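# Secondary and tertiary structure notes
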Amino acid sequence: SKPPVKVKWYLGGIMRNLLLMVVALTLGACVKSDVSRFNNFTTPTMGATVFVMPTKQQQGSAEFSQHSRSILRRLVDRGFREVSELQAADYIVMISYGLSGSKQVAGSTPTYGQTGGGTTYHSGTATAMGSRGTTFGTYSGTSYTPATFGQTGSIPYNYTVHARYLNIRMIDRKKSNKDKVVAAYEGSVKSSGKGSSFAAVSECMMDALFKDFFKSGTERETLPTAQCGK
């Protein structure tokens, strides 16, 4: 027999909740980034040479070496050419990255289920007085009332969200001098999540920046972590 309408609604609600959980888990494996780009290239960039210059704090850093290689690979994919000497570069590339703060997020998630109704079981003993004395008997049975559903409680949550950032600046070496620095390109990426390591999301943030590298403006990119850096 077919379940009552409210039971079918409840089962449908379970399936919807399961689907939402799957979607949430899928999104949980993604990195959302806010990207800003300012393109001020005035000459063709195909074949232009680039040199990544570390800051004093970045010199000798293995982490900087890894991130700079990732940046250079993407620049080469977009037509630039890497050089090993500063004086041979058309553009000097400078990058900064890391964590910029954290905050606590607290709240609760409602839970849903049956709040009333359903099948009730009952039994007992009955007595009757008659001309032949007292007669005893037992009885049992069930009764059904339509089930009702709604919020049954809530589950609290409390976690820390960390802010991550990536900045890239490309200096036009030929137009710049000791008195004036001319930036040909500036890009920034910001993201936030539970992970407290920039390195864990660095490839996704770089992919977000380079997805439309030459396009000026702001946008939000959502990229699956499993596909970043490919």
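Rules used in this analysis
- Residues numbered from 1 in each chain as written.
- Predicted model: local features only at pLDDT ≥ 70, side-chain atom pairs only at ≥ 80, totals over all residues.
- Heavy atoms only, no water.
- Disulfide = S-S within 2.5 Å.
- Helix = DSSP H or I, 4+ residues; strand = E, 2+ residues; numbered from the N terminus.
- Buried < 20%, exposed > 50% of the residue type's maximum accessible area, 1.4 Å probe, protein only.
- pLDDT = per-residue confidence, 0-100.
- Contact = heavy atoms within 4.5 Å.
- Expected span 1.5 Å × (residues − 1).
- Polar contact = N/O pair within 3.5 Å; in protein donor to acceptor, adjacent residues only side chain to side chain.
- Phe/Tyr/Trp six-rings, centres within 6.5 Å; stacked < 30°, edge-to-face > 60°.
- Lys NZ or Arg CZ within 6 Å of the ring centre and 35° of its normal.
- Core = buried A, V, L, I, M, F, W, Y, C linked by side-chain atoms within 4.5 Å.

### With respect to the state of the cysteines
- For the coordinates displayed, the defined rule picks out 1 disulfide.
- Through a disulfide, C204 is tied to C228; the S-S separation comes to 2.0 Å. Between C204 and C228 the disulfide shows an S-S torsion of about 100°. By sign, it is right-handed. Linking C204 in helix α3 (residues 202-210) with C228 in the segment after β7 (217-224), this pair joins segments that are 24 residues apart in sequence. Grouping residues by exposure puts C204 and C228 together as buried.
- Just so you know, C30 is unpaired, no disulfide at all, and the nearest cysteine sulfur is the one on C204, 8.1 Å from it.

### Examining the confidence of the model for the protein chain
- On average, residues of the protein chain score 86 in pLDDT, and 86% of them are at 70 or above.
- Within the protein chain, no element has a lower average pLDDT than helix α1 (residues 5-28), which sits at 48, and none a higher one than strand β2 (residues 49-52), at 98.
- Between residues 5-11, whose pLDDT stays under 50, and residues either more than four places distant or in other chains, the model counts 11 contacts.
- Every residue in residues 18-27 scores below 50 in pLDDT, and together they form 0 contacts with partners more than four places removed in sequence or on other chains.

### Re the side chain of T45
- With respect to the secondary-structure elements, T45 resides in the loop between β1 (30-39) and β2.
- On the accessibility criterion, T45 (13% relative accessible area) is buried.
- Those residues in contact with T45 that sit more than four places away from it in its chain are G79, F80 and F214.

### What about helix α2 (residues 62-77)?
- End to end, α2 covers 23 Å across 16 residues, agreeing with the expected 22 Å (1.5 Å per residue, within 8%).
- Residues of α2 that are buried: F64, H67, S68, S70, I71, L72, R74 and L75.
- Here α2 starts with a cap whose side-chain oxygen sits 3.3 Å from the backbone nitrogen of E63, and that cap is S61.
- Of the residues one or two after α2, G79 is the one with positive phi, at around 105°.

### Focus: the environment of A88
- Relative to the elements of secondary structure, A88 occurs in the loop between β3 (81-82) and β4 (91-130).
- Here the alpha-carbon distance between A88 and V50, two residues 38 residues apart in the chain, equals 8.2 Å.
- Excluding anything up to four places from it in sequence, A88 contacts T49 and V83.

### Things to note about the packing of aromatic side chains
- Taken as a whole and assessed by the stated rule, the structure comprises 11 aromatic pairs.
- Ring geometry for F210 against F213: centres 4.5 Å apart, planes inclined by 5°, an arrangement best described as stacked.
- Judged by relative accessible area, F213 falls into the buried class, the value being 3%.
- Geometrically, the ring pair formed by F213 and F214 is edge-to-face, given 5.2 Å between the ring centres and 80° between the ring planes.
- Taking the relative accessible area as the measure of exposure, F214 reaches 34% and is therefore partly exposed.
- Of the aromatic side chains, those joined through ring pairs into one cluster are F41, F80, Y91, Y185, F210, F213 and F214.
- A cation over an aromatic ring shows up here: K194 above the ring of Y159, its NZ or CZ 4.5 Å from the ring centre.

### Topic: the nonpolar core
- Counting residues in each nonpolar core, the largest one holds 32 residues, and the members touching the most others are L75, F80, V93 and M170.
- At the level of secondary structure, the elements contributing two or more residues to this core comprise β1, β2, α2, β4, β5 (133-172), β6 (183-193) and α3.
- The biggest single contributor to this core is α3, with 6 residues.
- Apart from the residues lying within four places of it in its own chain, the contact partners of F80 are F41, T45, A48, V50, L75, Y91, M170, F213 and F214.

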